[in-house]
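Chain by chain, the residues run as shown.
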Amino acid sequence: MGETEGAVMATVDGAVDTLGGRVQVRFDPGASVTPLGQMACFAEHLQATGLFAGWERDCPLRYTSPNGSALRDILGTWLLSGLCGHQRYAHVTALRGDAVRAQVLGCERIVSEDTLRRALKAMDAKAAERWLQSHLLRSVRPALSTASVLDVDSSIKPLCGRQAGSVVSFNPHKPGRPSHVLHTYWAGQLRLVLDVELAPGDAHAAQHALPGLLRLLDGFEPHEHPALVRGDCGFGDEPVIGQLEERGLSYLFKLRQSGWVKKLLHGAFADDEQWSAPGPSDQGWSAKQTRLRLSTWPAHRRVIVLRQAVRQALAVQIRDAQGRPRLRLTAGDDGQFWEYAVPVTNTAHEPRAIAQLYRDRADAENAFDELKNQWGWGATAQRTSSAAARPRAGWRCSTTVGVGTAGRPNRGRAWRRSPRARCYWRRWVGACSTPDRACLLYVSPMHGAVEQPKTLLVNIRTALAHVRKTAEQLDPLRRWQAFVSYVVHRITRPLAPPTPRTPALAGP
């Protein structure tokens, strides 16, 4: 006994005196509780649409030993890890004590991080990539009959530590930090990720994103092609434009400020005629169309010069002959300042409509930022080959599509930002009891918005009830098509028809 002899031993169980009065405490490590109480509703979505069953059936992972973990347990753990935004295998340990989520997914248990890592490493990288890409395309294909804009973006994701494929390259915000590049293909109007490719940090140029873009477009049926392919100045080069023109697809890209583009700007600004007058919805932008042929282009193409007056006083930092910094303050009496852009396109829309189409790309940029910073976009941290890391990135893509599609019926035509939407999805605590051998789950929102989650659940279940009623005898793929058609009908507006083609322009 020693020093503890005669001492009063405290226990966890019992009454405790708090500032709010006496509280009875019972320590129950075996209780069925979960911090993700709404997982039951998401599991209903997976069961009604048949997505998880088909995903499990086609998985290339096979164990021959009877001591191996069940495939459903491995995939269920991977699914829960993605839903919780985990970025490291060690984070899987936080799921081990949650029996409720394993039960609603039909899993016997949550596997350990080592079991999950070994299982994913045992998959053939190419087979796993084909498996994820096929199921991702199958999940978004029913929505592609609606005309939408395909946004292409290459996003830099800085990394810490030693991860596969991390290379020190272009990184304007954190120079010297190794990074990955995420080539993302995004259906803007539908707000769905069509595909993502994980590449080393030095593969950020458009030529590295082009093969994935062409593979995606070639896999579509003619009626599934996007109404417009849109990208920033990194994609306004001949290889990308030429491949899209060969396939008869419309495009809208911003041009770099090369010598020929600067010469075009001088000529456009020297003549104040033919500029469109900014309307109430143009945000002060005026446009002028012309034609341009760069040295790498085989022919002249239609370009739109956009400009917006800058009325604020500006401060310009310059350097003198000795290299010392000097500050030059400019005001309105120094001349008119303009913000400008030069996009290239082959569409028949009028110049003002082209300007609005490119401004709409800002919404896609917000989505790319949310995916990267809010949803843990990219592969799970690991030290395997970069080829094996691509299926992990594809899994992140599939998880985002699944969660996003399940949550769409509640939003109508108004979109919710990801940080706020994630609190709706994640901050619901659930406690499970089994009276009379029936599983009863109590769900409690852990934030101030109580009515919104209730409305969310009602609308999601209404969509699933619609699927069961209209597609009861159909196979899982047809049920998923019915669900997506219901969601797309509620969240999309038909695109306006293109304006008549403008008169021919003078010049070559």
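As a starting point, this report considers the structure included with it. (Residues numbered from 1 in each chain as written. Predicted model: local features only at pLDDT ≥ 70, side-chain atom pairs only at ≥ 80, totals over all residues. Heavy atoms only, no water.)

Quick look at the nonpolar core
Most often, soluble globular proteins keep nonpolar side chains buried together rather than apart. Counting residues in each nonpolar core, the largest one holds 52 residues, and the members touching the most others are Leu-194, Leu-244, Phe-253, Leu-255 and Val-344. Looking at this core element by element, the count peaks at 7 residues for helix 7 (residues 206-218). Residues in contact with Leu-194, not counting those within four places in the same chain, are Leu-136, Val-140, Leu-144, Leu-150, Tyr-185, Ala-187, Leu-216 and Phe-220. (Core = buried A, V, L, I, M, F, W, Y, C linked by side-chain atoms within 4.5 Å. Buried < 20%, exposed > 50% of the residue type's maximum accessible area, 1.4 Å probe, protein only. Helix = DSSP H or I, 4+ residues; strand = E, 2+ residues; numbered from the N terminus. Contact = heavy atoms within 4.5 Å.)

Some thoughts on the pairing of strand 8 (residues 251-254)
Bridging between strand 7 (residues 228-231) and strand 8 involves 3 bridges; their strand directions are parallel. In the strand pairing of strand 8, Gly-231 is matched with Phe-253. Read from strand 7 through helix 8 (residues 238-246) to strand 8, the crossover connection turns out right-handed. Alignment of strand 8 against strand 14 (residues 343-345), held across 3 bridges, turns out to be antiparallel. (Pairing = 2+ DSSP bridges. Right-handed = clockwise from strand over helix to strand, strands pointing away.)

Observations concerning the packing of helix 7 against helix 8
Between two packed helices, what matters for the description is the angle formed by their axes and the separation of those axes. Taken N-terminus to C-terminus, the directions of helix 7 and helix 8 make an angle of 15°; their axes are 10 Å apart at the nearest point. In terms of their interaxial angle, helix 7 and helix 8 are classed as roughly parallel. Where helix 7 crosses over helix 8, the two elements pack in a sense that is right-handed. Contacts between helix 7 and helix 8 involve Ala-206, Leu-210, Leu-214 and Leu-217 from the former and Pro-239, Val-240, Gln-243 and Leu-244 from the latter. Looking at side-chain class alone, the contact of helix 7 with helix 8 contains 7 nonpolar, 1 polar and no charged residues. (Axes fitted to C-alpha atoms, helices over the stretch in contact; angles between N-to-C directions. Parallel < 35°, antiparallel > 145°, perpendicular 65-115°, else oblique. Left-handed = near helix turned anticlockwise from the far one by under 90°. Nonpolar A, V, L, I, M, F, W, Y, C, P; charged D, E, K, R; others polar.)

Quick word on the side chain of Asp-282
Along the chain, Asp-282 turns up in the loop between helix 9 (259-270) and strand 9 (285-292). In this structure the side chain of Asp-282 is engaged in a polar contact, spanning 2.7 Å, whose partner is the backbone nitrogen of Gly-279. With residues up to four places along the chain from it excluded, the contact list for Asp-282 reads Ala-277, Arg-352 and Arg-359. (Polar contact = N/O pair within 3.5 Å; in protein donor to acceptor, adjacent residues only side chain to side chain.)

Points about the packing of helix 3 (residues 71-83) against helix 5 (residues 113-122)
Between helix 3 and helix 5, whose axes approach to 10 Å, the crossing angle comes to 105°. Our classification of the angle between helix 3 and helix 5 gives roughly perpendicular. Judged by residue contacts, Ile-74, Thr-77 and Trp-78 of helix 3 engage Leu-116, Ala-119 and Leu-120 from helix 5. Within the contact of helix 3 with helix 5, the residues separate by chemical class into 5 nonpolar, 1 polar and no charged.

Topic: the packing of aromatic side chains
Applying the stated criterion to the full structure yields 8 aromatic pairs. Among the aromatic residues, those joined into a ring-pair cluster are Phe-52, Trp-55, Trp-78 and Trp-131. Across from the ring centre of Trp-297, 5.0 Å away, lies the NZ or CZ of Arg-301, which sits over that ring. (Phe/Tyr/Trp six-rings, centres within 6.5 Å; stacked < 30°, edge-to-face > 60°. Lys NZ or Arg CZ within 6 Å of the ring centre and 35° of its normal.)

What about helix 9?
For helix 9, spanning 12 residues, the distance from its first C-alpha to its last is 17 Å, which sits close to the expected 16 Å at 1.5 Å a residue. Looking only at helix 9, the buried set comprises Val-261, Leu-264, Leu-265 and Ala-268. End-on view of helix 9: buried residues confined to an arc of 105°, all on one side of the axis. Among the exposed residues of helix 9, those pointing more than 90 degrees away from its buried face are Gly-259, Lys-263, His-266 and Ala-270. Looking at the packing, one finds that the buried side of helix 9 touches strand 9, strand 10 (301-310) and strand 13 (337-341). (Expected span 1.5 Å × (residues − 1). Arc of directions from axis to C-beta.)

Digging into the environment of Ala-465
Tracing the chain through its elements places Ala-465 in helix 14 (residues 451-470). Considering only alpha carbons, one finds Ala-465 and Ala-48, 417 residues apart in sequence, at a separation of 8.9 Å.

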